[in-house]
Amino acid sequence: MNTSTCKKCILDAKTPGISINPDTGLCQFCEHYTPISEEKKEEARLRMNALFKSPPGEGKYDVIFALSGGMDSCNTLYRLKSEYPHLKILAVQFDNGFISDTALENAKKFCDLTKSTYFRLALDESKLRDTFKRAALSMDAFPGFAKYRASDICNTCISIIKQKITEKALATKSPFIVFAFSPGQTKTPFIALKKPFMVWTRKLFEEQLETMGVKDREPYLMDKKILKATSPETEVTIIHPYLVWGYDKQKIREECIRIGWIEPDLNDRNSSNCLLNAFAIQNHRQKYHIHPYAYDLSALVRQGYMGREEAKKKINAGLSKSSIEEIQRQLHLS
Ligand SMILES: [Zn+2]
């Protein structure tokens, strides 16, 4: 019975740490799953509305927005500005050296449409390449659970984004940070960041970089001086709107395309959002026998946001061999 797949989601017993109950046919996550109550949903809706309706207004911006140029983040930016036109938004796109032209174009287009300020976060490209190479070669730099959420390369990239976006919020005294994470990628609509927590995440990521053997770590971390100058009362709230709005991928896609979002041509490896993606997935599977999307997609299926067959298709989609080889060459891994 140990090779079975969960009847409800797509997790299978071959993945380390996942077990399927032979009596129920369910994985441990589906067995213990309880949907969010209507009261809790309404509470979150009211809270988000109150925050966006009247932001404190003391900072340069109301929202620091993580914009990848992908469908989810472009759609969130558009909807946020449609519902709350008064918001002053700084949209940060992290140019990790591997984002596609399509992603850049989409990000700029949606900033124009929403009259948001665009900021391209760029760091030393050759050092970034070396960091991603070290992430690919590393084992266990991130804690167990993080391995189910994303590949080592993605975890490195998203940690840099989180550090630098928090730094931006502190530097501009902006009260909110918005990430367009799906209900599969996070469980909480709001996270209140206080100074001790920021200090802790900085230290944690610095240690993870050290484990990978990254020597020059400061550029990836929150600026020490800015953090030091932050008063202990400061609070920055991370908001994940999809956990409040719900997540209808079909509707998101339709709306995005209607507004002018350019769909990546999947046959053209240069137009997916991040060119590291296929390599990052393969690398993670080889090291840990975990598909970095399996847990997130399963959570979407469990919550009724995605069909089980659709999720299975995504997991089983072939990875472009030429794209993987190209990245291996660029990271000096071949
Ligand atoms: Zn399951």
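Residues numbered from 1 in each chain as written. Predicted model: local features only at pLDDT ≥ 70, side-chain atom pairs only at ≥ 80, totals over all residues. Heavy atoms only, no water.

Novice: So what exactly am I meant to see when it comes to the coordination of the zinc ion here?
Specialist: Octahedral metals with six donors have ideal donor angles of 90 or 180 degrees. Tetrahedral metals with four donors have an ideal donor angle of 109.5 degrees. The coordination sphere of the zinc ion contains the protein donors Cys6 (SG), Cys9 (SG), Cys27 (SG) and Cys30 (SG), at a distance range of 2.3 Å. In this structure, the zinc ion is coordinated by four donor atoms arranged in tetrahedral fashion, with angles at the metal of 105 to 117°. The sequence pattern formed by the donor residues of the zinc ion is C-x2-C-x17-C-x2-C. A residue pair is termed long-range when its members are at least 10 positions apart, and cysteine 6 in the segment before α1 (28-31) and cysteine 30 in helix α1 qualify at 24 residues. In this structure, cysteine 6 and cysteine 30 share a single accessibility class: buried. (Donors = N, O, S within 2.8 Å, 3.2 Å for Na, K, Ca; no water. Tetrahedral: all angles 85-135°; square planar, octahedral: opposite > 155°, others 65-115°. Helix = DSSP H or I, 4+ residues; strand = E, 2+ residues; numbered from the N terminus. Buried < 20%, exposed > 50% of the residue type's maximum accessible area, 1.4 Å probe, protein only.)

Novice: What is the right way to read the packing of aromatic side chains from this model?
Specialist: By convention here, two paired aromatic rings are described through the distance between centres and the angle between planes. Per the stated rule, a full pass over the model turns up twelve aromatic pairs. Ring geometry for phenylalanine 52 versus tyrosine 84: centroids 5.4 Å apart, planes at 50°, classification tilted. In this pair, phenylalanine 52 sits in helix α2 (residues 38-53) while tyrosine 84 sits in the loop between α3 (71-83) and β2 (89-95), placing the two residues 32 residues apart along the sequence. Here the two residues phenylalanine 52 and tyrosine 84 agree in accessibility, since each one is buried. Consider the rings of phenylalanine 52 and phenylalanine 176, whose centres lie 5.9 Å apart with planes at 90°: the pair is edge-to-face. Taken as a pair, phenylalanine 52 in helix α2 and phenylalanine 176 in strand β4 (residues 176-178) lie far apart in primary sequence, 124 residues in all. (Phe/Tyr/Trp six-rings, centres within 6.5 Å; stacked < 30°, edge-to-face > 60°.)

Novice: Is there a simple way to think about the layout of surface pockets in this case?
Specialist: In this approach a probe as big as a water molecule rolls over the atoms, and the regions it shows empty are the leftover space. By volume, the second largest pocket is sized at about 720 Å³. Surrounding the second largest pocket, 27 residues form its lining, Tyr33, Ile36, Lys187, Leu243 and Gln303 being those nearest its centre. Counting only elements with at least two residues in the lining of the second largest pocket, the list comes to α2, α10 (242-245) and α13 (294-302). In terms of residue count, the dominant contributor to the lining of the second largest pocket is α2 (five residues). (1 Å grid on protein atoms, 1.4 Å probe; cavity = no way out; pocket = protein on both sides within 12 Å on 5 of 7 lines; lining within 4 Å. Points joined across faces, edges and corners; volume = space filled by probe spheres on them.)

Novice: I'm lost on the packing of helix α5 (residues 125-137) against helix α7 (residues 152-171) in this one. Help?
Specialist: Each pair of packed helices gets described by two things: the angle between the helix axes and the distance between those axes. Remark: α5 packs on α7, axes separated minimally by 8 Å, with the N-to-C direction vectors making an angle of 135°. Compared by their axis directions, α5 and α7 come out oblique. When the axes of α5 and α7 are compared, the crossing they make is right-handed. Only Asp152, Ile153, Thr156, Cys157 and Ile160 of α7 make contact with α5, whose side of the interface consists of Leu128, Thr131, Phe132, Ala135 and Ala136. Here the contact of α5 with α7 is composed, by residue class, of seven nonpolar, two polar and one charged. (Axes fitted to C-alpha atoms, helices over the stretch in contact; angles between N-to-C directions. Parallel < 35°, antiparallel > 145°, perpendicular 65-115°, else oblique. Left-handed = near helix turned anticlockwise from the far one by under 90°. Contact = heavy atoms within 4.5 Å. Nonpolar A, V, L, I, M, F, W, Y, C, P; charged D, E, K, R; others polar.)

Novice: Teacher, can you tell me more about the sheet that holds β4 here?
Specialist: Strand pairing within a sheet occurs via backbone hydrogen bonds; the two strands may be parallel or antiparallel. Pairing is mixed across the open sheet formed by six strands, whose spatial order is β3-β2-β1-β4-β6-β5. The open sheet terminates on both sides in strands that have one partner only, identified here as β3 (117-122) and β5 (190-194). Each strand of the sheet is rotated relative to its neighbour by a mean of 25°, with strand direction disregarded. Across the face of the sheet, α3 comes into contact with β1 (63-66), β2 and β4 while running at roughly 155° to β1. (Pairing = 2+ DSSP bridges.)

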